[in-house]
Amino acid sequence: MGAEIEGVDNTAPEEMVASWEGTPTPLARVRIETSELKAEAAVPASQTRRLLTTILDTLVVFGAVLGPALTLQVVPATFPTWATAGIIAGQLTMLALVARSAHREEPGRRSPG
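Asker: Quick rundown of the nonpolar core? Include the residues and the values.
Answerer: Taken as a class, soluble globular proteins show a tendency for nonpolar side chains to be buried jointly. Residues Ala28, Val30, Ala41, Val43 and Leu51 constitute the largest nonpolar core, which totals five residues. For this core, the secondary-structure elements that each account for two or more residues are β1 (27–33) and β2 (38–44). Setting aside residues up to four positions removed in sequence, Ala28 forms contacts with Ala41, Ala42, Val43, Pro44, Ala45 and Thr48.

Okay, here's the thing in structure tokens:
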């Protein structure tokens, strides 16, 4: 199984986008590879923060759904309910802190709008 996302900036010459060997490009590129998945995205450098924030938001949503679900599957039936609830609350708190830190405004930077 595989997936690939190509660059979005069609205005750049092909030779400026094709290399990962350190060739300077006007694009910011992100590549995620696993044994079953290969995803690649290229955006104008000015949009890098937005791309990385979107990727992080997606991972936080997956973590918020899968973390508690997997915890509930692996805890034994004899495990105290309060401890299970505490573990899940801790997972969700950590994800909220990560999401909050990713959306923190940089000094001197205004948000659009």
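This is not the end of the story, as more comes after the structure.
Asker: A description of the pairing of β1 should follow, citing residues and the corresponding values.
Answerer: The pairing of β1 with β2 spans seven bridges and is classified as antiparallel. For Glu33, the partnering residue across the bridge sits in β2 and is Lys38. The turn joining β1 and β2, which pair antiparallel and follow one another in sequence, is formed by four residues.

Asker: Can you lay out helix α2 (residues 48–74) for me, pointing to particular residues and giving the numbers?
Answerer: Look at α2: 37 Å from first C-alpha to last across 27 residues, which is about the 39 Å you get at 1.5 Å a residue. The sharpest bend along α2 comes to roughly 25°, located at Gly63. Those residues of α2 lying buried are Leu51, Thr53, Val60, Gly67, Pro68 and Thr71. The secondary structure elements touched by the buried residues of α2 are β1, β2 and α3 (81–102).

Asker: Go over α3, please, and point to the residues and values.
Answerer: Its 22 residues place the ends of α3 32 Å apart at the C-alpha level, agreeing with the 32 Å of an ideal helix rising 1.5 Å per residue. Of the surrounding elements, those touching the buried residues of α3 are α2.

Asker: Please provide a residue-by-residue account of the side chain of Thr84, values included.
Answerer: Here Thr84 is to be found in helix α3. By relative accessible area, Thr84 is classed as buried at 9%. Leave out the neighbours within four places in its chain, and Thr84 touches Leu72, Val75 and Phe79.

Asker: So, the confidence of the model for the protein chain: which residues are in play, and what are the values?
Answerer: The pLDDT averaged across the protein chain works out to 77; a share of 71% of its residues lies at or above 70. Confidence over residues 1–18 falls short of pLDDT 50; this stretch has 27 contacts with residues more than four positions distant or in other chains.

Asker: Lay out the pattern of salt bridges with the relevant residues and their values.
Answerer: With the rule as written, the count across this model stands at two salt bridges. Across the pair Arg31 and Glu40 runs a salt bridge whose closest N-O atoms are separated by 3.6 Å. We classify Arg31 as partly exposed; its relative accessible area is 35%. Accessibility expressed as a relative area gives 7% for Glu40, which makes it buried. Three or more residues are tied together by salt bridges with common partners; here these are Arg31, Glu33 and Glu40.

Asker: Now, about the environment of Arg49: what can you tell me, with residues and values included?
Answerer: By the secondary structure assignment, Arg49 is in helix α2. The class of Arg49 is partly exposed, set by a relative accessible area of 30%.

Asker: Which residues make up the packing of α2 against α3, and what values go with them?
Answerer: Contact geometry of α2 with α3 gives a least axis separation of 10 Å together with a crossing angle of 180°. Taken together, α2 and α3 sit at an angle that is classed as roughly antiparallel. Only Thr84, Ile87, Ile88, Gln91, Leu92, Leu95, Val98, Ala99 and Ala102 of α3 make contact with α2, whose side of the interface consists of Arg49, Thr53, Leu56, Val60, Gly63, Ala64, Gly67, Pro68, Thr71 and Leu72. Class assignment for the residues of the contact of α2 with α3 results in twelve nonpolar, six polar and one charged.

Conventions and cut-offs
- Every chain begins its residue count from 1, and numbering advances along the sequence as written.
- Local features are withheld for residues below a pLDDT of 70 in this predicted model, meaning they are given only at 70 or higher, and side-chain atom pairs are given and counted only at 80 or more; totals for whole chains, interfaces and linings count all residues.
- With hydrogens and water set aside, each side-chain value is computed from the structure's full complement of heavy atoms.
- Put simply, a nonpolar core is a bunch of buried Ala, Val, Leu, Ile, Met, Phe, Trp, Tyr and Cys residues held in one set by side-chain atoms that sit within 4.5 Å of each other.
- Between buried and exposed lies partly exposed: a residue is buried under 20% and exposed over 50% of the maximum accessible area for its type, with that area taken using a 1.4 Å probe on protein chains only.
- By definition, any uninterrupted DSSP run of H or I lasting at least four residues is a helix, any uninterrupted run of E lasting at least two residues is a strand, and each is numbered from the N terminus.
- Working rule for contacts: check all heavy atoms of both residues, and any pair within 4.5 Å makes them a contact.
- For two strands to count as paired, DSSP must find a minimum of two bridges between them.
- Multiplying 1.5 Å by the helix residue count minus one yields the expected span of that helix.
- The quantity called bend is, for any residue, the angle between two axes fitted respectively to the seven residues ending at it and the seven beginning at it.
- Known as pLDDT, the predictor's per-residue confidence is scaled from 0 to 100.
- Put simply, a salt bridge is a Lys or Arg side-chain nitrogen that is within 4 Å of an Asp or Glu carboxyl oxygen.
- Here an axis means a line fitted to C-alpha atoms, over the contact stretch when the element is a helix, while the angle between two N-to-C directions is reported on a 0 to 180 degree scale.
- By the definition adopted for this analysis, an angle is roughly parallel if under 35 degrees, roughly antiparallel if over 145, roughly perpendicular if from 65 to 115, and oblique otherwise.
- Gly falls in the polar group here, along with every residue not listed as nonpolar (Ala, Val, Leu, Ile, Met, Phe, Trp, Tyr, Cys, Pro) or charged (Asp, Glu, Lys, Arg).

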